[in-house]
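# Structure assessment
If you want the building blocks of each chain, they are given just below.
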Amino acid sequence: MILASGAPEGAGLFIPPLFEVIASVLCLLPIAWIVAKKAVPIYLRTLDERTEKIEGGLRRAAEAEEQIAVERAQWAQEIADARAQSGKARDEARAEAQAIVAEARAQASQEAERLLATAKAQIAAEAKAAEEDLRGHIGTLATQLAGQIVGEALEDQALATRVIDRFLDDLEASTVPAGSAGSRR
């Protein structure tokens with residue numbers, strides 16, 4: 001170890017000599033002045049611009065969030081309205097379907113009644129025609145039988161018709177009490 005005489009020891013090792021401090025200050029003053037006049041304003045302007053951009057972005061984001069909230073509320077209202085309208089339309093469609101079904105049932109019932117009435121009328125007409133046809137056959141048979149019993153042919157048409165009608169009337173009169181007597185038992 002080389003120790004120079006007059007060399008500081010201890011904490012004095014870290015303290016520079018006065019001429020070095022003065023020389024350093026004289027060198028740093030122009031640099032500090034240039035930095036303070038030129039670089040610091042540019043730096044502060046850049047910081048202000050960035051701060052303004054960030055604050056503007058935050059304002060726009062807040063406005064966008066408010067707009068989104070308003071639009072969400074509108075959409076929710078529109079969806080609720082659409083659901084209500086669709087429910088109303090469904091109810092109207094159901095009511096209309098029920099009315100159509102009721103109308104179709106009424107028409108089917110009327111058509112069935114009309115067909116039943118037509119069928120009854122046709123059956124009655126056919127029964128009357130069958131009765132007339134049967135009367136004619138029975139009359140012919142009765143005339144032939146009466147002619148064979150009497151031994152003469154009944155050729156007078158008016159007489160034959162009266163005889164047949166009287167015979168059929170007697171026949172009907174005799175079958176009606178027998179039918180009602182059977183129902184009295």
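This structure is a prediction, so every number in the text was calculated from the model and none was measured. (Residues numbered from 1 in each chain as written. Predicted model: local features only at pLDDT ≥ 70, side-chain atom pairs only at ≥ 80, totals over all residues. Heavy atoms only, no water.)

The next thing to look at is the overall build of the protein. Within the protein, the regular secondary structure consists of 2 helices and 0 strands. Residues counted as buried form 5% of the 185 residues belonging to the protein. Split by element, the accessible area of the protein, about 16,100 Å² in all, is 62% carbon and sulfur. (Helix = DSSP H or I, 4+ residues; strand = E, 2+ residues; numbered from the N terminus. Buried < 20%, exposed > 50% of the residue type's maximum accessible area, 1.4 Å probe, protein only. Areas by Shrake-Rupley, 256 points an atom, 1.4 Å probe, with all protein chains shown as cover.)

Here we take up a nonpolar patch on the surface. Together, Leu28, Ile31, Val35, Val40, Tyr43, Leu44 and Leu47 make up an exposed nonpolar region whose accessible area comes to about 630 Å². Classification of Leu28 by relative accessible area gives exposed; the value is 53%. (Patch = residues over 30% accessible without salt bridge, like charges linked within 9 Å, V, L, I, M, F, W, Y side chains within 5 Å. Salt bridge = Lys/Arg side-chain N within 4 Å of Asp/Glu carboxyl O.)

Turning next to the confidence of the model for the protein. Summarising the model, the protein shows a mean pLDDT of 84, and 86% of its residues fall at 70 or more. Predicted confidence is poor over residues 181-185, with pLDDT under 50, and the contacts of this stretch with residues over four places away or in other chains come to 0 contacts. (pLDDT = per-residue confidence, 0-100. Contact = heavy atoms within 4.5 Å.)

Let us now look at the pattern of salt bridges. Throughout the structure, instances matching the rule amount to 2 salt bridges. Asp91 serves as the salt-bridge partner of Arg94, at 3.4 Å between the closest nitrogen and oxygen. With a gap of 3 residues between them, Arg94 and Asp91 both fall in helix H1 (residues 18-150), about one helical turn apart. Overall, Asp91 belongs to the partly exposed group, its relative accessible area being 46%. Two residues, Arg114 and Glu111, come together in a salt bridge whose shortest N-O distance is 2.3 Å. Highlighted residues: Arg114 and Glu111, both in helix H1, separated by 3 residues, approximately one helical turn. For Arg114, a relative accessible area of 43% corresponds to the partly exposed category. Judged by relative accessible area, which is 34%, Glu111 ranks as partly exposed.

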